[in-house]
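Fold and contact review
Spelled out from the first residue to the last, the chains are:
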Amino acid sequence: AASAPAALAATPKADAAPKDPSAPILRDVAEGKVAVVLFFSDVASDDRAVRRALLAADRHAGKVVVRVAPIARVADYAAITEGVDVTQAPTLLVIGRQNRARRIVGFTDTKGIDQLVSDVGGANFAARRFKGYRGKVENLCAVVGQSVVGNALDGQDLTDRLEIVRADLLDARRAVRRLDPPKRFAAFQSRFEDNLDVGVDAFDAALAAQRAGEDPVATYAGFMDRIAATDRKVRAAAKKAGIGSGC
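Residues numbered from 1 in each chain as written. Predicted model: local features only at pLDDT ≥ 70, side-chain atom pairs only at ≥ 80, totals over all residues. Heavy atoms only, no water.

Notes on the packing of helix α5 (residues 133-150) against helix α7 (residues 186-211)
- Contact geometry of α5 with α7 gives a least axis separation of 13 Å together with a crossing angle of 20°. Viewed along their axes, α5 and α7 adopt a mutual orientation that is roughly parallel. Crossing hand, α5 versus α7: left-handed. Facing α5, whose interface residues are Y133, V137, L140, C141 and V144, α7 presents F188, Q189, F192 and L196.
- Among the residues forming the contact of α5 with α7, the class breakdown is eight nonpolar, one polar and no charged. (Axes fitted to C-alpha atoms, helices over the stretch in contact; angles between N-to-C directions. Helix = DSSP H or I, 4+ residues; strand = E, 2+ residues; numbered from the N terminus. Parallel < 35°, antiparallel > 145°, perpendicular 65-115°, else oblique. Left-handed = near helix turned anticlockwise from the far one by under 90°. Contact = heavy atoms within 4.5 Å. Nonpolar A, V, L, I, M, F, W, Y, C, P; charged D, E, K, R; others polar.)

Here's what the structure looks like:
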């Protein structure tokens, strides 16, 4: 069962210092989105379970944005954590309009995340259940896109961001491979799997370069033509199959 949500001891600030990674999160909230921020540790089973639960959480066609950060980096997110007890992993913060925020400490499931997003965001964020193939893959497309965009390959803490995106892509690929697409979606399924394969390869190579003391960004750039080609094929197959929401 999900942990009981708690109100935060402090309200997130309206802005953030230039190097605070909370800045894009607060911009998303100012635009009317709901932000879900998970502080996690890779070594604990509950943390991995919450990350898997996040994969299936309703992104509301991009109106719910998710960020994942190591618990060791919590102090970097001062604008949303100052005065808040975020010392235990996993801790999930959900921030919505007027910087209204709630927190779950410990294990929670997809249903608990969706409910908290609805509580914070209001009626427009009531969770939908994805029973059909199209809804499931559109939500996974939002997951992948948000992870890649939200963890730009520049600045500090690059290794953390490489590992976060790689884990998200691996989880998304597992989820996609478990789907049984109707015949009219078979071509899209194949293109999407190919796209995720190339993405995982790119982040594997970038992490290997980082560990070897080489430039991971340059290594990743070497995959850009392959990534762009599979992106085009995914978009074309999605359009033909009537799949939207950023696929």
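Brief notes about the state of the cysteines
- Per the stated rule, a full pass over the model turns up one disulfide.
- A disulfide bridge connects C141 with C247, and the sulfur atoms are separated by 1.9 Å. The sign of the S-S torsion, about 110°, decides the handedness of the disulfide formed by C141 and C247: right-handed. You can see C141 sitting in helix α5 and its partner C247 sitting in the segment after α9 (224-241), a full 106 residues away along the chain.
- Using a relative accessible area of 8% as the deciding quantity, one classes C141 as buried. (Disulfide = S-S within 2.5 Å. Buried < 20%, exposed > 50% of the residue type's maximum accessible area, 1.4 Å probe, protein only.)

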